[in-house]
Structures are given as structure tokens and as C-alpha cells.
Amino acid sequence: MNHHHKELDKWVKEMAAMCQPDKIVWIDGSDAQRKQLTAEAIKTGEVIELNQELLPGCLYHRTAVNDVARTEGLTYICTAREEDAGTTNNWMPPEKAYDQAREYFTGAMKGRTMYVIPFSMGPVGSAFSKIGVELTDSIYVVLNMLIMTRVGTSVLDALGANGVFTKCLHSKADLDINKRLILHFPEDNTIWSVGSGYGGNVLLGKKCLALRIASYQARQEGWLAEHMLILGVEHPDGQIDYIAGAFPSACGKTNLAMLVPSPDLAKKGYKVWTVGDDIAWMRIGPDGRLWAINPESGFFGVAPGTNSKFNPNAVATIKRNTIFTNTALLPNGTVWWEQGDGDQPVQALDWRGQPWYPGKTDEHGKKVDAAHANSRFTAPASQCPSISPHWQDPQGVPITAIFFGTRRARLAPLIYQCFDWQHAVYVGATMSSERTAAQFGKIGEVRHDPMAMLPFCGYNMADYFRHWLEMGKKILHRPKVFRVNWFRRDDDGNFLWPGFGENLRILLWALARCRGQANAIRTPLGWVPTYDSIDWDGLQFPRASWSDLHAIHTEEWLEEQNQNRQFLAQFGQRLPSELWYEHAAREFRLRGHE
Ligand code: OXD
Ligand code: MN
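Residues numbered from 1 in each chain as written. Chains lettered and ligands numbered in written order. Predicted model: local features only at pLDDT ≥ 70, side-chain atom pairs only at ≥ 80, totals over all residues. Heavy atoms only, no water.

A. The overall build of the protein chain, seen in detail. Regarding its fold elements, the protein chain presents 17 helices and 31 strands. The principal-axis extents of the C-alpha atoms in the protein chain amount to approximately 70 × 55 × 50 Å. (Helix = DSSP H or I, 4+ residues; strand = E, 2+ residues; numbered from the N terminus.)

Have a look at this one:
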């Protein structure tokens, strides 16, 4: 490939000398090359071609059975000083990390091809964007990167002879979980990932670059790299407000980003536009507002639960040119998953490739799912019916409101508005959520996940909180911040709130608050909507349930305060004192002293 970046050439040669591939292929981003690689991967069985009449351009892939989610325990931030990685990250000294991984990488690509993928996170050439180059021995990775990022010659052109890029090295090696490492070297702008084939571990533009490395760079450069969706709400008068929202993995970010207004709200002229479903890069614009881009160009969404009722836009998006991973495979060459569209199949191959039938149980009598709970679709954002006309604007879209959401069966109200930016940083810093299938570990267990960034912050989280506080001082027109929880349940375990399209009612209240227009009640937690401040057209929602959704059980909240105190204490002296101030202030309010 024709380019003149000496450092890039040198690095590719060095990595090839270590990994010893049979050949090196540069990915140019062309359709012809993509088709040729697809054909090759079909031939070797790395991917399976789906029914091209029913799912044109679609492919199917299975990962190894012990390689189905991000392995946070094997994910490291390798800074020279341990305290720069902080207590919430795994840390290894860079030399040790390189040495250990070098062992796994050495000769790992023998008999294989090394693909060189130049990619841009963000529109090519935008001042917001960052360039990376991923080396990998997996065509599956190449095909996913072609969807999730902007790839090829145009990126090399933008890089020029001296451009800065993140060095991303990946090898499946033996897919051995005992020789798996996901290593980040923020000080070297380098990522090494070995021994995995799961998206979150190997599509290095996504979590590794766009969050862990980018968050480190964002602090140095004065911007924010966040685990947030971006959506636009169009009002009947045509004005569009943009919201960014942080939610932990598998808490409905994709569904919220693609929200379809309920019929009565649609009739009034409300629309929702999708800008991004997972990551937001936000900078202060010349007008003093916060402007956001989605650095990705595709969706890597959770399949189970995706259906025409809850997310028709996602269903439409994944009808073509989509890669399905670890779903069930049907005899007619289509795919299926639990809580998806269509009747439960009478037979299928499950995500492991085993014959499956309804009611199948394992040796312990436990029901076997056909699709893995963290099975995924990879689909081009451009195919989404609700994709915003502004989703690729190089300067991004202006953010009016920020949402912090988690999954809590009790305790957290449906929504409250934070009193101010400093309070919001405390609320974000102490949010906790129930664990989902997107990461290894016990599902349902409550864990702290500050700003939904626990697994993605590439530096000391205490410094991250400070960075948020500092940003608040620099943004002239700060977004208003709201804490939401769509998942509160009653004593019988039923969801109290219908969610999905009805969430727009809550978004509209928040946006009205940003204009100073909606009523709210002051509570110890923040500002809560009055029942009458919500647009209820087309939804009969009992007043009593509204109260239940916002009930604050003081004893439980005081226990939560204890948990929060313990969580914050781990950061020691490095924690900004403003957070202790906010902690004490909330406790004071909860105890009724205000
Ligand atoms: C994701 C995740 O894939 O957060 O977006 O795990
Ligand atoms: Mn995510």
C-alpha cells in the first residue's frame, strides 16, 4: 500500500518479526477486498454464510465457549506507576506486561496472515477523530472492524507521514484463557490483546481505544471520552435537543438510542434520532457548549431481547450486512435468539453448535438457551432507520442533557435531576448497577460502576472524577444532569415502569427542565418530576405507581450511603474533597436536617 509513514512501517515489521505470520495484508477498505476475505473466511469455517435471500450480506460466527464476554480480570492498565492506574484497574508494570505477552505473541501467527487495519475513530479527518492501526490474525476481526470503524486508504491519507496513531496488536493465538491478556499502555499509545476472539476484547477500536486509551488522552487534552449513547429528540416545532447517556453494559443503551415514540407522542410530532449507542467523545465548542461525536460507525449490540416490539429500529438495521455472533443458527440459514422475533424454533444449532430443541436442559436440569445471553450483532450504523442526519457531522452535536442510568430493582427512583454539576459528579461517581451477561461474573450482583466507566477508565478513577469537576468549570453552558433507572420493580418483582417508547415521556420532562419549564419536587436525592409535569397522552399510568417509582426509603438509602463511603474511601487522598462534601450533604438531607 502506498504510504510514507516510516514509524508505522517499522512497527508493522517489528510486530511481524515477533508474530511470524506467513504474509501481511493491508486492508484498504474496498468492497472487493472485503468480499474476497469473506469468501476466504467462509471456506475455512471462520464464518458461516447465512441465507442470502433472507439475510443478504449477513454472516454468522461462533466464539470459543470460554470466550463469550469481556474478561475484565485479564484486562490491564500498564502505566509506569501503579497509582496512575488506580485501585479500580488491574495493573502490571509495562515491562512485565510486554514480556509476558511477547511470550504468547511469539510465533502466534505462524501459518496465518497478519492483517493491517488502518482505522479512524470518528469521521476521517475530523478534529475530534483519532487514528489507530490494528494488526490481527483474524478475518472475523477485520470484517467487524470494517463495520464498526472507518477503515482503509483514506485513513492512511489522513495519517500522512507523521500522524499520531494508536498501535493495536491482536492475535487469537491458541484462544487459551490461561494465555489471554488485554493490555493497555496509555503512556505508549499502545494496546496488546492476545488469546481471545470476543468483540469487546479484540475489536480494539472500541473499548480499548475509544474508551480506555481515549479517556487517558481526553484528560490530558481537556475533553471527555465516555461510555454513553447519543440521541436527538426532535420537538414538534422541528427543534432538536441532544442527550448523552451513560449506562453499564447491557442496560438498554441501544434500545434507548433507537427509541420509537409511542403513537400519541409520534402523532404530536416527536421523533428520536440515533447518533450513537455506546461511546461519546465530547469537547467544548467555541460557543461554550459541550459537543459530542460517536467515534464508531456501527453497532455491536446484544441480540437477546432485541425484537420488533421493543426495538423495531434495531430489527430493521440488522436485516442485511450484519455479523451475528453466538446466536442460534436455524436450519434455513437464519438466526434466532431468546426474546427475539418469530416463534421459538422446533430445532436449531445453539451458540455452541450443539443440536437444540425447546425445553432442552443440561445435566443439572437447567434450561439451555439457544443463543448465548451476550450474543451480538455487528451492523452498520448507516442502516438504522432512525440514524440522525447529523451522525457524521465532524464537529458533533450539542449536548443539552446527560443521563446516568443503572439497573436497580429497588432503591433508585425512575428519574431525578441533580442539583448542580458537582452534585452530578458525585451521583455519577457513586452509581451502582446489577451485573449483566456482558462481563464475566455473577449476574445480578450489585456493583459500583461510576459513570458506567468502571471497566473502561484508562487511568486512576479518582483523577477521572477530578477531570469531570474541572470540565464543569470550563463548560460555559453545562448540560443538566439526570439520574435514571428504568428497572425498578415492585414487591412481586414486576417492573414498575413500562420503559422503551414510554421513556420518551421522561426525556421530554428532562429537556423541559433544561429550558426551565417543568415542575419538580425537591427531595434529598435531587429534583423529582411531579405526576402532572409528565405528558401522559396515550398512557394510563396510576398516580400510586408514580409514587412507588420515586419512593425514597431512607433506611435503605442510609445503607447505600455506607456502601458509597466504602467505595469512595478506596481512593484515599487522591479523591477530590468535593465528593466527600457532596456525600456528607446527601447524608445530611437524608437524615432530614435540611
Ligand atoms: C459493549 C459492552 O459491548 O459494554 O458495549 O460490553
Ligand atoms: Mn458498552
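B. Broad picture of helix H17 (residues 577-590). In this model H17 runs 20 Å from its N-terminal to its C-terminal C-alpha over 14 residues, within 8% of the 20 Å that 1.5 Å per residue would give. Looking at the buried positions of H17, the neighbouring elements they touch are strand S26 (415-417), helix H12 (421-429), helix H13 (461-474), strand S30 (520-522) and helix H16 (554-569). Note on H17: the residue one or two positions beyond its end, Gly-592, has a positive phi of about 80 degrees. (Expected span 1.5 Å × (residues − 1). Contact = heavy atoms within 4.5 Å.)

C. Region of the structure containing the domain arrangement of the protein chain. By domain assignment, the protein chain separates into domain 1 (6-222) and domain 2 (225-298 + 389-590). Using only C-alpha atoms to locate each centre, domain 1 and domain 2 end up separated by 31 Å. Taken together, the contacts link 41 residues of domain 1 with 41 residues of domain 2. Each partner contributes to the roughly 3,500 Å² buried at the junction of domain 1 and domain 2, and carbon and sulfur atoms together form 54% of this total. Where domain 1 meets domain 2, there are six salt bridges. Our enumeration of links across domain 1 and domain 2 arrives at 26 residue pairs in polar contact (both at pLDDT 80 or more). Of all the secondary-structure elements, those providing two or more residues to the side of domain 1 that touches domain 2 are helix H3 (82-85), strand S6 (113-121), helix H5 (139-148) and helix H8 (205-221). (Domains from an automatic or database assignment. Buried area = accessible area lost by both parts, 1.4 Å probe. Salt bridge = Lys/Arg side-chain N within 4 Å of Asp/Glu carboxyl O. Polar contact = N/O pair within 3.5 Å; in protein donor to acceptor, adjacent residues only side chain to side chain.)

D. Region of interest: the packing of H16 against H17. For the pair H16 and H17, interaxial distance at closest approach is 10 Å and the crossing angle is 165 degrees. What the angle tells us is that H16 and H17 run roughly antiparallel. Relative to H17, H16 is oriented so that their crossing is left-handed. Every residue of H17 that contacts H16 at Thr-554, Trp-557, Leu-558, Gln-561, Asn-564, Arg-565, Leu-568 and Ala-569 is listed here: Trp-580, His-583, Arg-586, Glu-587 and Leu-590. Classifying every residue of the contact of H16 with H17 by side-chain character gives six nonpolar, four polar and three charged. (Axes fitted to C-alpha atoms, helices over the stretch in contact; angles between N-to-C directions. Parallel < 35°, antiparallel > 145°, perpendicular 65-115°, else oblique. Left-handed = near helix turned anticlockwise from the far one by under 90°. Nonpolar A, V, L, I, M, F, W, Y, C, P; charged D, E, K, R; others polar.)

E. The arrangement of the site of ligand 1 in detail. Around ligand 1 there are ten residues in total, and Arg-70, Lys-207, Ser-249, Asp-278 and Arg-376 lie nearest to it. Take Ser-249: an N or O atom from its side chain is 2.4 Å from an oxygen atom of ligand 1. The side chain of Arg-376 places a nitrogen or oxygen atom 2.8 Å from an oxygen atom of ligand 1. Look at ligand 1: alone it shows 210 Å² of surface, and the protein chains cover 95% of it. Classifying every residue of the shell around ligand 1 by side-chain character gives three nonpolar, two polar and five charged. In this structure, the shell around ligand 1 is formed jointly by two domains, domain 1 (6-222) and domain 2 (225-298 + 389-590), each of which donates at least three residues. (Near = heavy atom within 4 Å. Areas by Shrake-Rupley, 256 points an atom, 1.4 Å probe, with all protein chains shown as cover.)

F. Structural view of the nonpolar core. Ranked by internal contacts, the top residues of the largest apolar core, which has 113 residues, are Trp-281, Met-282, Ile-402 and Trp-468. Two domains each donate at least three residues to this core, and these are domain 1 (6-222) and domain 2 (225-298 + 389-590). Apart from residues no more than four positions distant in its own chain, Trp-468 is found in contact with Leu-224, Glu-226, Met-228, Ile-402, Phe-404, Trp-421, Val-425 and Met-451. In this structure, Leu-229, Leu-504, Cys-514 and Trp-536 belong to the second largest nonpolar core, which totals 39 residues. (Core = buried A, V, L, I, M, F, W, Y, C linked by side-chain atoms within 4.5 Å. Buried < 20%, exposed > 50% of the residue type's maximum accessible area, 1.4 Å probe, protein only.)

G. Focus on the pairing of strand S7 (residues 130-136). Buried residues dominate S7, accounting for seven of its seven residues. Neither face of S7 is left uncovered, since the one carrying Lys-130, Gly-132, Glu-134 and Thr-136 and the one carrying Ile-131, Val-133 and Leu-135 both have all their residues buried. For S6 and S7, the ladder comprises seven bridges, and the chain directions are antiparallel. Within the sheet, the bridge partner assigned to Ile-117 lies in S7 and is Glu-134. (Pairing = 2+ DSSP bridges.)

H. Quick look at the environment of Asp-28. Within the fold, Asp-28 resides in the loop between strand S1 (23-26) and helix H2 (31-44). Sequence separation of Asp-28 and Lys-367 is 339 residues, and the distance between their C-alpha atoms is 45 Å. Here the side chain of Asp-28 touches Ser-30 through a polar contact of 2.8 Å, landing on its backbone nitrogen.

I. Representation of the coordination of the manganese ion (ligand 2) within the structure. Each protein donor to the manganese ion (ligand 2) is listed here as Lys-207 (NZ), His-227 (NE2) and Asp-278 (OD); together their distances run 2.2 Å. Along the chain, the residues donating to the manganese ion (ligand 2) fall in the pattern K-x19-H-x50-D. Taken together, the residues Lys-207 in helix H8 and His-227 in the loop between strand S12 (224-226) and strand S13 (228-234) connect sequence positions 20 residues apart. Each member of the pair, Lys-207 together with His-227, is buried. (Donors = N, O, S within 2.8 Å, 3.2 Å for Na, K, Ca; no water.)

J. Expanded view of H5. The buried fraction of H5 is high, at ten of ten residues. Considered for burial, the residues of H5 that qualify are Ile-139, Tyr-140, Val-141, Val-142, Leu-143, Asn-144, Met-145, Leu-146, Ile-147 and Met-148. The opening residue of H5, the one whose side-chain oxygen lies 3.2 Å from the backbone nitrogen of Tyr-140, is Ser-138.

K. Examining the pattern of salt bridges more closely. According to the stated counting rule, one finds 33 salt bridges in the structure shown. The closest approach of N and O atoms between Arg-565 and Glu-587, which form a salt bridge, is 3.3 Å. Of this pair, Arg-565 sits in helix H16 while Glu-587 sits in helix H17, and the two are 22 residues apart along the sequence. The class of Arg-565 is partly exposed, set by a relative accessible area of 33%. For Glu-587, a relative accessible area of 12% corresponds to the buried category. The structure contains a network of salt bridges with shared partners spanning Arg-81, Glu-83, Asp-84, Arg-219, Asp-463 and Arg-574.

L. View of the packing of aromatic side chains. The tally for this structure, following the rule as stated, stands at 29 aromatic pairs. Taken together, a centroid distance of 5.8 Å and an interplanar angle of 55 degrees make the contact between Trp-11 and Phe-165 tilted. Note that Trp-11 is positioned in helix H1 (residues 6-19) and Phe-165 in the loop between helix H6 (153-159) and strand S9 (166-171), a separation of 154 residues in sequence. For Trp-11, a relative accessible area of 6% puts it in the buried group. Judged by its relative accessible area of 5%, Phe-165 falls in the buried class. (Phe/Tyr/Trp six-rings, centres within 6.5 Å; stacked < 30°, edge-to-face > 60°.)

M. Representation of the sheet that holds strand S24 (residues 376-380) in the model. Ordered by their spatial adjacency, five strands build an open sheet running S2-S3-S19-S24-S18, and the pairing between neighbours is mixed. The open sheet has two free edges, formed respectively by strand S2 (48-49) and strand S18 (298-302), since each of these has just one partner strand. As defined by bridge partners, strand S19 (residues 323-325) adjoins S24 across three bridges and the pair is classed as antiparallel. Directly across from Ile-323, in S24, lies its bridge partner Thr-378.

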